[in-house]
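Here's the letter readout for the chains.
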Amino acid sequence: MVRVRFAPSPTGYLHVGNARTALFNYLFASKNFGRFIIRIEDTDTERSKKEYEESIIEDLKWLGLSWDEGPDVGGPFGPYRQTERLHLYREYSSRLLSEGKAYRCWCTKEEIEKRHLSRHQQDSGYDNYCRNLSDSQIARFEAEGRTPVIRFRVPEKKVVVNDIIRGPVTFEAGTLNDFVIMKSNNIPTFHFAVVIDDLTMQITHVIRGEDHLSNTPKHILIFEALGYNPPEFAHMSMTLGPDRTRLSKRHGATSVRQYREKGYLAEAMFNYLALLGWSSKNNQEIFSKQQLIEEFSLQACNKSNAIFDPAKLLWLNTLYLRSKPSSEIFELSIPFFEKTGYNKSDLEQHRKVIEKVIDVEKEKLKTLQDVQERTGYFISETILWNPEVAEKFKNPEFAKIFSEIRDILNAVQPFEKSHIEAAIRNFCETKNLKTGEVFHPLRFVLSGQTKGPGLFDLIELLGKQRCIKRIENFLGLKRHNL
Ligand code: GLU
C-alpha cells in the first residue's frame with residue numbers, strides 16, 4: 001500500500017511551496033488509494049513553535065487536505081512529532097554503533113575547522129578523524145569530559161538516486177564525509193530522524209522539494225546500513241518568484257495564511273498549487289479536486305522550476321468566486337466584515353440586501369475582501385464622504401437638487417428601480433438638468449463612492465430610509481417627519 005508523508009518543520013507559517021509539496025503528496029496518496037501522513041519535524045527546538053504547528057495544520061485543513069495519520073488524528077505508527085520519538089533514534093543509532101556502521105566523534109568544531117584549513121584542500125568539512133581511534137585516545141577524550149556526537153561511517157561507493165521525476169541521479173564515491181547522525185545532546189540530526197521515521201512509518205514514496213535531492217544519498221546509505229530498501233523518491237522542482245529567484249518575502253505574500261487573510265478561496269488555491277510544476281496532458285487549467293486526483297501523476301511533474309504567478313492565482317480566484325451562489329459568498333465573507341468592525345448579528349439582519357448586492361456586483365469581485373469593500377456601505381449606519389469630492393457639492397445649487405431628490409424619493413411608490421428611475425429622470429427633465437450633472441453627485445452622496453452598481457439598483461438596494469437619511473446627513477439637516 002502506498003504510504004506518503006508531508007513533514008513540515010514548524011518554524012513558520014505554511015509556505016506556498018511547502019503547501020504544494022503537501023498537495024502533491026495528498027493527490028498521489030488519494031489517486032493510489034494509499035495513506036497520507038503528517039509528521040512534524042520539530043527537532044530544531046529553538047526555532048520550532050507549537051503555534052506554527054497549529055497554524056500549519058489549520059491551513060492544510062483550510063486548503064481542503066485531509067490525512068489518515070498525524071499528530072492531531074493519531075495513527076498506528078505514532079507518535080507523529082519527532083520530539084516524541086527520540087527513543088527510536090537512540091535505539092537505531094545504538095544499533096549502528098554496535099555494528100561498527102557509526103562511531104563516536106569527540107572533535108570540536110574548532111579542531112575540525114583548523115585541520116580543514118591546514119589541509120588546503122577543496123573538500124569540505126570533516127576528515128573522518130575519529131573513525132579509527134585507539135582505546136587510549138578514546139579514554140583521553142572521555143577523561144577530558146568531552147561529549148561525543150555519533151557519525152555515520154560513509155561507505156566508499158557511488159549512490160544512484162532513481163528519482164521518479166528526474167530519472168537516475170548519480171553521486172560519485174568520495175563526495176560525502178562521515179556525517180553526524182546524533183548530536184552531542186542526544187538529539188538526531190535531520191538526516192537521521194527523517195530516515196528512521198520514513199523506515200518505521202513504512203513510507204513507500206518520499207515526495208519532497210528538490211532542495212533535498214543532495215541529502216538523499218545520505219538517506220539511502222543509512223537505509224542500506226540498517227538492512228532496508230529505501231523508499232522511492234520524487235524531488236519536485238522549486239517554486240520561484242517572477243524574477244526566478246527562490247520565492248521569498250521579497251515577492252510579497254508567500255504563506256497560505258496571507259492569501260487566506262487576503263480573501264482567497266481554498267478551492268482556487270488548491271487548483272493553483274496543483275498547476276505549480278505539474279500540468280495535464282491537454283493543458284487544462286481549471287480542475288475540481290476529484291479531477292486532480294484522477295489526473296495527477298508524478299511522472300508528469302516538470303523538472304524545471306515553477307514560477308509562482310500571483311496574477312494567475314487571482315484570476316483563478318475570481319473565477320471560483322463568481323461561480324459561487326451569493327448566499328455562500330455572504331457566509332464566506334463574514335470574517336472579513338467582522339475584521340472591519342461589523343458584527344455577525346447585524347450582518348445576518350442585512351443578509352438579504354448584501355446577497356442582492358453580491359448578485360449585482362459579482363462580476364467585479366476578485367477576493368472575499370472585495371465583498372466587504374463593495375457591499376459594506378450598503379448597510380453601514382454612517383458613511384464617510386471624501387472631503388475633497390464633497391466640497392464640490394457643498395453649494396446652494398446642489399443643496400437644492402439634493403433636497404428635492406430627497407422629497408421625490410420619499411414619494412416614490414413602490415420603491416423599485418423602474419419607478420425610482422422614472423421619477424429621477426423626470427426631475428432632470430423638468431429642471432432642465434443633464435443626467436450626468438445629477439447622477440454622479442447623487443451616487444456620491446448616497447454611497448460615498450464614485451463607482452458601484454447602477455445608480456437605480458443602488459438606490460433600490462439602499463432602501464428609502466437609508467437614502468433619505470444619507471442625503472440629510474450630507475446636507476446637515478436633521479431627520480424629521482419621516
Ligand atoms: N522537514 C523537512 C522540510 O521542511 C522535510 C523533509 C522531508 O520531506 O524529507 O524541509
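Rules used in this analysis
- Residues numbered from 1 in each chain as written.
- Predicted model: local features only at pLDDT ≥ 70, side-chain atom pairs only at ≥ 80, totals over all residues.
- Heavy atoms only, no water.
- Salt bridge = Lys/Arg side-chain N within 4 Å of Asp/Glu carboxyl O.
- Helix = DSSP H or I, 4+ residues; strand = E, 2+ residues; numbered from the N terminus.
- Buried < 20%, exposed > 50% of the residue type's maximum accessible area, 1.4 Å probe, protein only.
- Polar contact = N/O pair within 3.5 Å; in protein donor to acceptor, adjacent residues only side chain to side chain.
- Core = buried A, V, L, I, M, F, W, Y, C linked by side-chain atoms within 4.5 Å.
- Contact = heavy atoms within 4.5 Å.
- Near = heavy atom within 4 Å.
- Areas by Shrake-Rupley, 256 points an atom, 1.4 Å probe, with all protein chains shown as cover.
- Nonpolar A, V, L, I, M, F, W, Y, C, P; charged D, E, K, R; others polar.
- Pairing = 2+ DSSP bridges.
- Axes fitted to C-alpha atoms, helices over the stretch in contact; angles between N-to-C directions.
- Expected span 1.5 Å × (residues − 1).

> Explanation requested: the pattern of salt bridges in the structure shown.
Side-chain pairs of opposite charge can arise where the charged atoms are in close proximity. If you walk through the whole model with that rule in mind, you get 43 salt bridges. One salt bridge connects arginine 257 with aspartate 59, and the closest N-O pair in it is separated by 2.9 Å. Highlighted residues: arginine 257 in helix H8 (residues 256-261) and aspartate 59 in helix H2 (residues 50-63), separated in sequence by 198 residues. Here arginine 250 and aspartate 243 are joined by a salt bridge, their closest N and O atoms 3.6 Å apart. Looking at arginine 250, the relative accessible area reads 59%, which means it is exposed.

> Please explain the environment of threonine 340 as it appears in this structure.
Considering the arrangement of structural elements, one finds threonine 340 in the loop between helix H12 (326-339) and helix H13 (344-349). We classify threonine 340 as partly exposed; its relative accessible area is 45%. Reaching out from threonine 340, the side chain makes a polar contact with the backbone oxygen of phenylalanine 336 at a distance of 3.5 Å. Side-chain polar atoms of threonine 340 contact the backbone oxygen of phenylalanine 337, separated by 2.9 Å.

> Is there a simple way to think about the nonpolar core in this case?
Note that soluble globular proteins tend to have their nonpolar side chains buried in a common cluster. In this structure, Phe36, Leu60, Leu65, Leu409 and Ile459 are the most contacted members of the largest nonpolar core, which totals 98 residues. Among the elements that line this core, the one with the most residues is helix H1 (residues 16-31), at nine residues. Not counting residues up to four positions away in its chain, the partners in contact with phenylalanine 36 are Val4, Arg5, Phe6, Ala22, Asn25, Tyr26, Ala29, Leu65, Ser66, Trp67, Asp68 and Glu69.

> What is the right way to read the site of the ligand from this model?
Taken together, Arg5, Ala7, Ser9, Glu41, Phe190, Val194, Arg208 and His212 make up all the residues around the ligand. Residue arginine 5 places a side-chain N or O atom 2.7 Å away from an oxygen atom belonging to the ligand. Within the side chain of glutamate 41, one N or O atom sits 2.6 Å away from a nitrogen atom of the ligand. Protein contacts shield 82% of the accessible area of the ligand, which totals 300 Å² for the unbound molecule. Per-class residue counts for the shell around the ligand are three nonpolar, two polar and three charged.

> What is the right way to look at the sheet that holds strand S3 (residues 102-105) in this model?
Across a sheet, paired strands are connected by hydrogen bonds in the backbone, their directions being either parallel or antiparallel. Within the open sheet, the three strands sit side by side as S3-S4-S7. Their pairing is antiparallel. Strand pairing shows two members of the sheet lacking a second neighbour, S3 and strand S7 (180-182), which therefore form its edges. Taken over all neighbouring pairs, the strand axes of this sheet differ in orientation by 45 degrees on average, direction set aside. Where strand S4 (residues 149-152) meets S7, two bridges bridge the pair, whose relative direction is antiparallel. When the sheet's bridge partners are listed, isoleucine 150 is paired in S7 with methionine 182.

> Can you walk me through H1 in this structure?
Each turn of an α-helix holds 3.6 residues, which means side chains three or four residues apart point in the same direction. The terminal C-alpha atoms of H1 lie 22 Å apart, and with 16 residues this matches the ideal 22 Å at 1.5 Å per residue to within 8%. Among the 16 residues in H1, 13 count as buried, and that is most of the element. Just downstream of H1, phenylalanine 33 is the residue with a positive phi angle, here 50 degrees.

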